Amino acid sequence: KLPACHLEGIFSGANTFDCSEQESKVRYSFARVNAADDFESLQDDVAWNVLGHRYLLKAESVATFCFETLDPPGTFVPLHVHPHQDEFIFVIEGVMDLQLGEAKLQAHAGDLVRMPRGVPHSYANNQARAARALFWVSPAGRLRELFDRLHDLTDVGEVVRHSAECEVDFMPPA
């Protein structure tokens with residue numbers, strides 16, 4: 001069940017809410033779902049640029065971290081592992097090439113993919129048009145801190161170092 005402020009906000013036209021429920025604080029954000037080339041108009045108040053990807057915060061709490069991605073053609077996230085987090089990808093638009101352990105697959109708009117904790121995974125947009133997806137990670141761990149650190153970094157070595165410090169481990173290239 002959604003908090004009352006969440007429901008009221010939908011009807012009032014606001015797009016961000018902070019709701020305190022018992023001991024957990026949850027932040028909710030809303031955005032239209034439309035064409036990738038209109039993504040800039042969807043920017044919420046928290047966004048990151050990470051090595052060619054654009055990430056928008058959608059929800060966060062101790063238990064979960066959710067963000068929307070815009071992945072231009074040719075962008076990818078190399079093989080990495082979250083030792084303490086499960087991750088889900090819901091593809092909104094486009095096609096994503098995924099590796100999950102040894103398996104390779106494609107996820108299309110409307111597909112939901114679960115990447116269990118401890119299983120190495122990667123994704124790439126090898127298509128001619130941008131892809132968009134909603135990523136959901138549980139528990140949140142230090143992903144918010146990691147994205148804050150990675151924003152606008154261009155040095156891949158620094159990205160790998162910061163990631164390891166925040167419990168996301170990149171695998172060495174094969």
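In case you missed it, the structure is sitting above this.
Throughout, residues of each chain are indexed from 1 in the direction in which the sequence is written. Totals for whole chains, interfaces and linings use every residue, but because this is a predicted model, local features are given only for residues with pLDDT of at least 70 and side-chain atom pairs only at 80 or more, for both listing and counting. Side-chain figures throughout are based on the complete set of non-hydrogen atoms in the structure, without hydrogens or water.

**Focus: the overall build of the protein chain**
The helix and strand labels rest on DSSP assignments: H or I over at least four residues marks a helix, E over at least two residues marks a strand, and numbering proceeds from the N terminus. The helix and strand inventory of the protein chain stands at three helices and 13 strands. Looking at the protein chain residue by residue over its 174 residues, the buried ones come to 43%. Counting only contacts in the protein chain whose residues sit at least 6 apart along the sequence, the fraction spanning at least 24 positions is 59%. Accessibility throughout is a Shrake-Rupley quantity obtained with a 1.4 Å probe, and a residue counts as covered only by protein chains that appear here. Working note: accessible area of the protein chain is about 9,200 Å², and carbon and sulfur atoms make up 57% of it. Here's how the labels work: a residue is buried when its accessible area is under 20% of the maximum for its type, exposed when over 50%, partly exposed in between, all with a 1.4 Å probe on protein chains only. Here a residue-residue contact requires only that any non-hydrogen atoms of the pair lie within 4.5 Å.

**Structural notes on a nonpolar patch on the surface**
A cluster of nonpolar side chains, contributed by Leu51, Val156 and Val160, occupies part of the molecular surface with about 230 Å² of accessible area. Here leucine 51 is to be found in the loop between strand E3 (47-50) and strand E4 (53-60). What goes into a patch is any residue over 30% in relative accessible area without a salt bridge, connected to like charges within 9 Å or, for nonpolar side chains (Val, Leu, Ile, Met, Phe, Trp, Tyr), within 5 Å. Salt bridge criterion: a side-chain nitrogen from Lys or Arg within 4 Å of a carboxyl oxygen from Asp or Glu.

**Quick word on the packing of aromatic side chains**
Paired rings are identified among Phe, Tyr and Trp, the last through its six-membered ring, by centres lying within 6.5 Å, and are further divided according to the angle between planes into stacked (under 30 degrees), edge-to-face (over 60) and tilted (the rest). All chains considered together, the criterion is met by nine aromatic pairs. Ring plane angle 70° and centroid distance 5.6 Å describe the contact between phenylalanine 65 and phenylalanine 147, whose orientation is recorded as edge-to-face. Highlighted residues: phenylalanine 65 in strand E5 (residues 65-71) and phenylalanine 147 in helix H2 (residues 143-150), separated in sequence by 82 residues. Both residues of the pair, phenylalanine 65 and phenylalanine 147, belong to the buried class. Between phenylalanine 67 and phenylalanine 135, the aromatic rings sit 5.1 Å apart at their centres with planes inclined by 15°, giving stacked as the arrangement. Linking phenylalanine 67 in strand E5 with phenylalanine 135 in strand E12 (residues 131-138), this pair joins segments that are 68 residues apart in sequence. The buried category is assigned to phenylalanine 135, whose relative accessible area is 3%. Of the aromatic side chains, those joined through ring pairs into one cluster are Trp48, Tyr55, Phe65, Phe67, Tyr123, Phe135 and Phe147.

**Observations regarding the nonpolar core**
Residues belong to a common nonpolar core when they are buried Ala, Val, Leu, Ile, Met, Phe, Trp, Tyr or Cys residues joined through side-chain atoms within 4.5 Å. Counting residues in hydrophobic clusters, the biggest one holds 28 residues, and the most contacted among them are Trp48, Tyr55, Phe65, Ile89 and Met96. Listing elements by their share of this core, those giving two or more residues are E3, E4, E5, strand E7 (86-93), strand E8 (95-100), strand E10 (112-115), E12 and H2. For methionine 96, the contacting residues outside a window of four places in its chain are Thr69, Asp71, Ile89, Val91, Leu105, Gln106, Ala107, Tyr123, Ala124, Ala131, Ala133 and Phe135.

**Things to note about the layout of surface pockets**
Counted as a void, the largest pocket has a volume near 590 Å³. The definitions used throughout rest on a 1 Å grid laid over the protein atoms alone, on which a cavity is an enclosed set of points accommodating a 1.4 Å probe that cannot get out and a pocket is an open set flanked by protein within 12 Å on both sides along at least five of seven lines; lining residues are those having an atom within 4 Å of a point. Along its surface, the largest pocket is lined by 34 residues, and Phe76, Val77, Pro78, His80 and Phe170 are the ones closest to its centre. Of all the secondary-structure elements, those providing two or more residues to the lining of the largest pocket are E4, strand E6 (76-81), E7, strand E11 (121-124), E12, H2 and helix H3 (156-165). Counting residues per element, the lining of the largest pocket draws most heavily on E6, which supplies five residues. Residues that form the lining of the largest pocket fall into these classes: 26 nonpolar, seven polar and one charged. Grid points are joined across faces, edges and corners, and a volume is the space filled by probe spheres set on the points. Residues are grouped as follows: nonpolar covers Ala, Val, Leu, Ile, Met, Phe, Trp, Tyr, Cys and Pro; charged covers Asp, Glu, Lys and Arg; every other residue, Gly included, is treated as polar.

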